[in-house]
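Summary of the model geometry
So you can see what is in the structure, the chains are spelled out below.
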Amino acid sequence: MLYALDLIGIALFAITGALAAGQRRMDIFGVLVLATVTAIGGGTIRDLLLQQPKIFWVEDPTYLIVIAMAAIATVLIKPLHLKPRRFLLIADALGLAFFTVLGAAKANAFGEGPIIVIVMGVLTGVAGGIIRDVLSSKVPLIFRSELYATASLLGAITFIITINLLNTESALTLGFLTAAAARLAAIHYKLSLPVFTVNWPDQDDTPDS
Amino acid sequence: MLYALDLIGIALFAITGALAAGQRRMDIFGVLVLATVTAIGGGTIRDLLLQQPKIFWVEDPTYLIVIAMAAIATVLIKPLHLKPRRFLLIADALGLAFFTVLGAAKANAFGEGPIIVIVMGVLTGVAGGIIRDVLSSKVPLIFRSELYATASLLGAITFIITINLLNTESALTLGFLTAAAARLAAIHYKLSLPVFTVNWPDQDDTPDS
Amino acid sequence: MLYALDLIGIALFAITGALAAGQRRMDIFGVLVLATVTAIGGGTIRDLLLQQPKIFWVEDPTYLIVIAMAAIATVLIKPLHLKPRRFLLIADALGLAFFTVLGAAKANAFGEGPIIVIVMGVLTGVAGGIIRDVLSSKVPLIFRSELYATASLLGAITFIITINLLNTESALTLGFLTAAAARLAAIHYKLSLPVFTVNWPDQDDTPDS
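The model shown is predicted, which means the values in this text are computed figures rather than measured ones.

When its secondary structure is counted, chain A shows 8 helices and 2 strands. Taking 17 Å as the expected radius of gyration for a compact globule of 209 residues, we find that chain A reaches 17 Å, a close match to that expectation. With respect to the three principal axes, the spread of C-alpha positions in chain A is 50 × 45 × 35 Å. In chain A, which comprises 209 residues, the proportion classed as buried is 61%.

Spelled out as structure tokens, the structure:
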């Protein structure tokens, strides 16, 4: 079950990477590179930080084949892209929810405590999208979107509470549903939390802009 | 002593991450993510490159609690932000100096030679700020500020010379003071070294700008 | 032979990092940092992902000395920079070809299968340039240049086919020549593949631009 979820999450992030590549007008191999880096980014950082004996996609190249298929399919069905940005946001939201619970589950299976499980869930969930957006020169979604980090955090917290009360399957399901529902509702209803605002009054900030 | 210094450096970088998040108008969870990534960035890269048995904050979640407290405090004392940019620069300068000597000390304790000790000190010192600035879509301080890399390098060199003549405590203290003094003086007096300038005369550079 | 090739590739990428630093008007220590990060970036990611017992430049600091020499030489011979951007593109193309075959060769020597060998070749080849361009706030070459990822992929595929038919030396040579020829021809003749284009018709995209 974990494996199937992982492949679905990977495919979703590959699609968002391919769409972002299309927005930057890349050729097919540029599309493949951005789709790959987006899809493997979060899990690779998770495995490096948890010092797994082997990175997941180095151990099992099936992931890379799924990524290539998802990216190529995204290019081929181009005529159907009626609302590509909305589609990217939804795929990204579902990928965020999948990777959050999978990152939390892997840290938990590795015997880490609740704080590390939550942080690893959030880092795994948000890393792929951050890498995609930095590489395609956009402000990462997490830093300009409603309830992005919040949705991931809610999913990870739901996971850690549920797994101590029920079982892994319930924890994965409820964590996923919480994160996905929060993020999709935020996209649809434009929900947001109050923002923290700092204005630089200093004169020497001109090089920033 | 190393542990206390590490926590202070972590808190300082968490504050700079929170302020940068405020400048980009993020909500509280976005603030937490950027503060965390900024504060753990340098040390995480150091531990991965030195192939430590466990990343420092995965081993001891106290770091993450300190980061969360520093970030929340930064948001709460907002009315006191009279000169946020100056405060960010000073916190960043002290964090740079702390992490430089701590990175050098960890590489030295791990038995590395002087070149690796110096490079690891500089990488650990500058990485957190680079990550913070790239993620908040700004040109990294290191690439537009006076004596940034230089201050870190001076601190790391002072550390490696002193530790071979005196003891670890003196090396940490003198290395920290050298890096902090150089960077703070550069901020205050706008000191800088001559820059290396390359102009592209080529026609095909238009996509850059 | 692998070692000599590695040093040449490292020096080439260090030169491109130094030139990019010069375009951003950094001082000499900023130049050193950007040259170092560009030159060690690809190989460091490769060694982390393959979980080598020790990162190549931590094991052998000769690499860091070569990088410093290449960066300083780039600054010193500044009067000879007639066409710095063209020079950067050519050095980047050769570095891309060197690192592609070296990344593929290291993954192959580590016993990985053909898919991982190809992906590791491409990741090692393109990572340094991506890091350099992200840190100097430019759109990475790979995402706006002709046949960049394609050249790396062709080189890696040539390597994996040749090494199963002939020997390592032939595979390194033919892989390098294929990647370098494809990329240099693309620069010179402005060759490109058809691009994949996605237009966001959605209204809510304004924050991107």
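There is more to say after this.
Attention now moves to the interface of chain B and chain A. Facing 44 residues of chain B, the contacting portion of chain A comprises 34 residues. Roughly 3400 Å² is buried in total at the junction of chain B and chain A, and carbon and sulfur atoms are behind 68% of that figure. Remark: the boundary between chain B and chain A carries 1 salt bridge. Put simply, B:Lys54 and A:Glu112 hold a salt bridge, and the shortest N to O gap is 3.4 Å. Joining chain B to chain A, the criterion identifies 2 residue pairs in polar contact (both at pLDDT 80 or more). For the side of chain B that touches chain A, the elements supplying multiple residues, two or more each, are helix H1 (2-23), strand E1 (26-27), helix H2 (28-49), helix H3 (56-59), helix H4 (62-76), helix H5 (84-109) and helix H6 (114-135) of chain B. Broken down by element, the residue count for the side of chain B that touches chain A peaks at 9 residues, all from H2(B). In terms of residue class, the side of chain B that touches chain A is made up of 25 nonpolar, 8 polar and 11 charged. Across 2 bridges, strand E2 (residues 195-196) of chain A lies against E1(B) in antiparallel orientation. Note on E1(B): the bridge partner recorded for A:Val195 is B:Asp27.

All names here are of chain A. Helix length check: helix H2 (residues 28-49) (22 residues) gives 31 Å between terminal C-alpha atoms against 32 Å at 1.5 Å per residue, within 8%. The sharpest bend along H2 measures roughly 45° and falls at Gly41. Counting buried positions along H2 gives 18 out of 22 residues, so the element sits mostly inside the fold. Just beyond H2, the residue with positive phi is Gln51, at close to 50°.

A few words on the interface of chain C and chain A. At the interface, 34 residues of chain C touch 44 residues of chain A. For the interface between chain C and chain A, the tally reads 1 salt bridge. There are 3 residue pairs in polar contact (both at pLDDT 80 or more) connecting chain C and chain A. Elements that contribute at least two residues to the side of chain C that touches chain A include exactly helix H2 (28-49), helix H6 (114-135), helix H7 (148-165) and strand E2 (195-196) of chain C.

The subject of this paragraph is the relation of the copies chain C and chain A. For the pair of chain copies, the relating transformation is a rotation about an axis with a translation along it. Screw-axis analysis of chain C against chain A gives a translation of 0.0 Å along the axis, an RMSD of 0.0 Å, and a rotation angle of 120°. Overall, the copies show the geometry of a three-fold rotation axis. An asymmetric contact is evident, with only 6% of the interface residues of chain C recurring at the interface of chain A.

Moving on, we get to a nonpolar patch on the surface. All names here are of chain A. A cluster of nonpolar residues, Ile157, Ile161, Leu165, Leu166, Leu174 and Leu177, forms a patch on the protein surface that exposes about 570 Å² of accessible area. Contributions of two or more residues to the nonpolar patch are made by helix H7 (148-165) and helix H8 (168-189). By secondary structure assignment, the location of Ile157 is in helix H7.

Glancing now at empty space enclosed by the protein. Scanning all chains against the criterion turns up 3 cavities of 30 Å³ or more. If you list the elements that add at least two residues to the lining of the largest cavity, you get H2 and helix H6 (114-135) of chain A, H2 and H6 of chain B together with H2 and H6 of chain C. Per-element tally for the lining of the largest cavity: the top contributor is H2(A), with 8 residues. Tallied by class, residues from the lining of the largest cavity come to 40 nonpolar, 6 polar and no charged.

For C:Ile28, the location among the structural elements is in helix H2. A sequence separation of 47 residues divides C:Ile28 from C:Val75, and the C-alpha atoms of the two residues are 8.1 Å apart. C:Ile28 has contacts with B:Leu193, B:Pro194 and C:Val75, leaving out every residue within four places of it along the chain.

All names here are of chain B. Positive phi, normally seen in glycine, also occurs at Gln51, with a value near 50°. Locating Gln51 in the fold gives a position in the loop between H2 and H3. We classify Gln51 as partly exposed; its relative accessible area is 25%.

According to the stated counting rule, one finds 12 aromatic pairs over all chains in the structure shown. On the numbers, 4.9 Å between centres and 85° between planes, the contact of A:Phe56 with A:Tyr63 is edge-to-face. Aromatic ring contacts, followed pair by pair, group A:Tyr3, A:Phe56 and A:Tyr63 into a single cluster. When the ring centre of B:Phe56 is taken as origin, the NZ or CZ atom of B:Arg46, which lies over that ring, is 5.4 Å away.

Our next topic: the nonpolar core. Membership of the largest hydrophobic core comes to 230 residues, with the highest contact counts inside it found for A:Trp57, B:Trp57 and C:Trp57. Contacts of A:Trp57, omitting those with residues within four sequence positions, involve A:Ile40, A:Thr44, A:Tyr63, A:Leu64, C:Leu49, C:Ile116, C:Val119, C:Met120 and C:Leu123.

This brings us to the relation of the copies chain B and chain A. Overlaying chain B on chain A yields an RMSD of 0.0 Å, the required transformation being a rotation through 120° with an accompanying axial translation of 0.0 Å. Residue by residue, only 5% of the interface of chain B is reproduced at the interface of chain A, so the copies engage with different surfaces.

This paragraph deals with the pattern of salt bridges. Counted under the stated rule, the structure contains 15 salt bridges over all chains. Three or more residues joined by partner-sharing salt bridges are found here, namely A:Arg46, A:Asp47 and A:Lys106.

All names here are of chain C. One can find Arg132 in helix H6. You can call Arg132 buried: its relative accessible area is 1%. A distance of 2.7 Å separates the side chain of Arg132 from the side chain of Thr16, its partner in a polar contact. Discounting chain neighbours no more than four positions away, the residues touching Arg132 are Phe13, Thr16, Gly17, Ala20, Leu34, Thr38, Leu88, Asp92 and Leu141.

Basis of the calculations
Residues numbered from 1 in each chain as written. Chains lettered and ligands numbered in written order. Predicted model: local features only at pLDDT ≥ 70, side-chain atom pairs only at ≥ 80, totals over all residues. Heavy atoms only, no water. Helix = DSSP H or I, 4+ residues; strand = E, 2+ residues; numbered from the N terminus. Rg over C-alpha atoms; globule rule 2.2 N^0.38 Å. Buried < 20%, exposed > 50% of the residue type's maximum accessible area, 1.4 Å probe, protein only. Contact = heavy atoms within 4.5 Å. Buried area = accessible area lost by both parts, 1.4 Å probe. Salt bridge = Lys/Arg side-chain N within 4 Å of Asp/Glu carboxyl O. Polar contact = N/O pair within 3.5 Å; in protein donor to acceptor, adjacent residues only side chain to side chain. Nonpolar A, V, L, I, M, F, W, Y, C, P; charged D, E, K, R; others polar. Pairing = 2+ DSSP bridges. Expected span 1.5 Å × (residues − 1). Bend = angle between axes of the 7 residues up to and from the residue. Least-squares fit on C-alpha atoms with pLDDT ≥ 70 in both. Patch = residues over 30% accessible without salt bridge, like charges linked within 9 Å, V, L, I, M, F, W, Y side chains within 5 Å. Areas by Shrake-Rupley, 256 points an atom, 1.4 Å probe, with all protein chains shown as cover. 1 Å grid on protein atoms, 1.4 Å probe; cavity = no way out; pocket = protein on both sides within 12 Å on 5 of 7 lines; lining within 4 Å. Points joined across faces, edges and corners; volume = space filled by probe spheres on them. Phe/Tyr/Trp six-rings, centres within 6.5 Å; stacked < 30°, edge-to-face > 60°. Lys NZ or Arg CZ within 6 Å of the ring centre and 35° of its normal. Core = buried A, V, L, I, M, F, W, Y, C linked by side-chain atoms within 4.5 Å.

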